[in-house]
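Chains, contacts and geometry: an overview
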Amino acid sequence: MSGAAIRSVAFIGIGNMGWPMAANLLRAGFSVTVCDAVAGRAEAFVAAQGGVAASNAAAAVAGAEAVVTILPTSAEVEAVLAEIAPVLAPGTLLIEMSSGSPLVTRRLAEELAARQVAMVDAPVSGGVPRARTGELAIMAGGEQAALDRAEPVLKAMSTTIHRVGTVGAGQAMKALNNLVSAGGFLIGIEALLIGQRFGLDPALMVDVLNASTGMNNATQKKFGPYVLSRAFDSGFGLDLMAKDLGIALEVGRGTGTVTPFAALLREMASSAVNLLGPGQDHTAFARLSEALAGTELWPGPAAG
């Protein structure tokens, strides 16, 4: 099985991201068995998309040539692997797509290797919209032979695959990417608040930023549809963003890198989680800055 082309995939975790990703695997012709911790979600997926529903992770992986996990944190991944490791056939490929801890992932990879199961980490960037269209960017880490075998599966869900190093390197890169993304988002929100209080129209400011050197992913894809609209519904949780920033700091500490701005950003994200409560979208991070400024951003023409 270790060198054979993959046709059957067990997909564990069909939340906001996992659902469209598993659907794209089905559209690409893979045989997909899904399971999720939320009761009834696997059955709902099969009713809407096809495939096979499994009642638990161990049942999902039976006979699968590859297993995809995309779960909230490494703690959930570790729990799932403890359940499925005893029943994984030698030669099975584990594709870990969660935004997890690189150090935990490396330890899990060593444990699986002792069972003749290869593991790669392949976290994604692009959010729910690009998950739906199969245009995700993937940061992959692992041995080259395992990555070669995983590539057809990954290509069914993405348009860009970056091989960034050994196992765990993908998750390190993903955390650092999200660190940069969060920094650009927050400084952009502060700029909009300053401008609005000066008398500038925030929506017009976004247009100017996008035609100027202040442009970033947040100005292009988040401020208009999710912040100024007050929708705050991009599909990626604020608590998960704070977790990713913590992982970036973990990598920084492990490399002995001084990271004062990253530490401040992580502290502010944690403060936003505490202020706003559970279940918030990551674009609601803007509401912390609004609370500190005593000003709420609005999309209409600037007053006065």
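Scroll up a little and you will see the structure.
Residues numbered from 1 in each chain as written. Predicted model: local features only at pLDDT ≥ 70, side-chain atom pairs only at ≥ 80, totals over all residues. Heavy atoms only, no water.

Points about the pairing of strand S2 (residues 31–35)
For the record, the criterion: Exposure categories follow from relative accessible area, calculated using a 1.4 Å probe and restricted to protein chains: below 20% of the type maximum is buried, above 50% is exposed, and the middle band is partly exposed. In this description a helix means any DSSP run of H or I spanning at least four residues, a strand means any run of E spanning at least two, and both kinds are numbered starting from the N terminus. Between any two strands, pairing holds if DSSP finds at least two bridges. Handedness of a crossover is defined as follows: with both strands directed away from the viewer, a clockwise route from the first strand across the helix to the second makes it right-handed.
The element S2 is largely enclosed, with a buried count of 4 among its 5 residues. Sheet analysis places strand S1 (residues 8–12) next to S2, joined by 5 bridges and oriented parallel. Along S2, the bridge assignment pairs isoleucine 12 with cysteine 35. The β-α-β motif built from S1, the intervening helix H1 (residues 18–27) and the parallel element S2 has right-handed crossover chirality. In terms of strand pairing, S2 meets strand S3 (residues 52–53) through 2 bridges, oriented parallel. Across the sheet, the residue bridging to threonine 33 is valine 52, located in S3.

Observations concerning the packing of aromatic side chains
For clarity, the cut-off: Centres within 6.5 Å make a pair out of two Phe, Tyr or Trp rings, where for Trp the six-membered ring is used; the pair is then stacked when the planes are under 30 degrees apart, edge-to-face when over 60, and tilted otherwise. Charges are assigned to positions over rings by a cutoff of 6 Å between ring centre and Lys NZ or Arg CZ, combined with an angular limit of 35 degrees from the ring normal.
Scanning the entire structure with this criterion turns up 3 aromatic pairs. Summarising the aromatic geometry, the rings of phenylalanine 185 and phenylalanine 223 are spaced 5.5 Å apart at their centres and angled 65° between planes, so their arrangement reads as edge-to-face. A residue pair is termed long-range when its members are at least 10 positions apart, and phenylalanine 185 in helix H8 (residues 169–198) and phenylalanine 223 in helix H11 (residues 223–228) qualify at 38 residues. The exposure class assigned to phenylalanine 223 is buried, which follows from its relative accessible area of 0%. In this structure, arginine 7 is placed above the aromatic ring of phenylalanine 30, and the distance from its NZ or CZ to the ring centre is 4.6 Å.

Here's the deal with the side chain of serine 101
Under the convention used in this document: Only heavy atoms matter for contacts: two residues are in contact if any of them lie within 4.5 Å across the pair.
Within the element layout of this structure, serine 101 appears in the loop between strand S5 (93–96) and helix H5 (102–113). Overall, serine 101 belongs to the buried group, its relative accessible area being 9%. Excluding its chain neighbours within four sequence positions, the residues that come into contact with serine 101 are Ser74, Gln171, Ile247 and Glu250.

Structural notes on the packing of H1 against helix H2 (residues 41–49)
The geometry of a pair of packed helices is captured by two quantities: the angle between their axes and the separation between those axes. Here is the rule we go by: To get an axis, fit a line to the C-alpha atoms, keeping to the stretch in contact for a helix; angles then go from 0 to 180 degrees between the N-to-C directions. Put simply, angles under 35 degrees are roughly parallel, angles over 145 are roughly antiparallel, angles from 65 to 115 are roughly perpendicular, and the rest are oblique. Each crossing gets its hand from how the near helix is turned against the far one by less than a right angle, where anticlockwise is left-handed and clockwise is right-handed. For this classification, Asp, Glu, Lys and Arg are treated as charged, while Ala, Val, Leu, Ile, Met, Phe, Trp, Tyr, Cys and Pro are nonpolar and the rest, including Gly, are polar.
Interhelical geometry of H1 versus H2 gives an angle of 45° and a closest axis separation of 11 Å. Between H1 and H2, the interaxial angle falls into the category oblique. Here H1 and H2 pass one another in a crossing that is right-handed. Contacts between H1 and H2 involve Trp19, Ala22, Ala23, Leu26 and Arg27 on the former and, on the latter, Arg41, Ala44, Phe45, Ala48 and Gln49. In terms of residue class, the contact of H1 with H2 is made up of 7 nonpolar, 1 polar and 2 charged.

Thoughts on helix H14 (residues 286–293)
Looking at H14, one finds that the buried residues are Ala286, Leu288, Ser289 and Glu290. Taken from the residues just after H14, glycine 294 is the one with a positive phi, measuring 70°.

Some remarks on the pattern of salt bridges
Operational definition: The salt bridge definition used is simple: a Lys or Arg side-chain nitrogen within 4 Å of an Asp or Glu carboxyl oxygen.
For the coordinates displayed, the defined rule picks out 9 salt bridges. When the shortest N-O distance is used, the salt bridge between aspartate 148 and arginine 163 registers 2.8 Å. Separated by 15 residues along the polypeptide, aspartate 148 in helix H7 (residues 144–155) and arginine 163 in strand S9 (residues 158–165) bring together distant segments of the chain. For arginine 163, a relative accessible area of 33% corresponds to the partly exposed category. Ionic pairing is found between glutamate 151 and lysine 155, a salt bridge with its closest N-O pair at 3.4 Å. Linking glutamate 151 with lysine 155, this pair stays in helix H7, spanning 4 residues, or about one helical turn. The class for glutamate 151 is partly exposed, based on a relative accessible area of 22%. Here the salt bridges do not stand alone but share partners, grouping Asp148, Glu151, Lys155 and Arg163 into one network.

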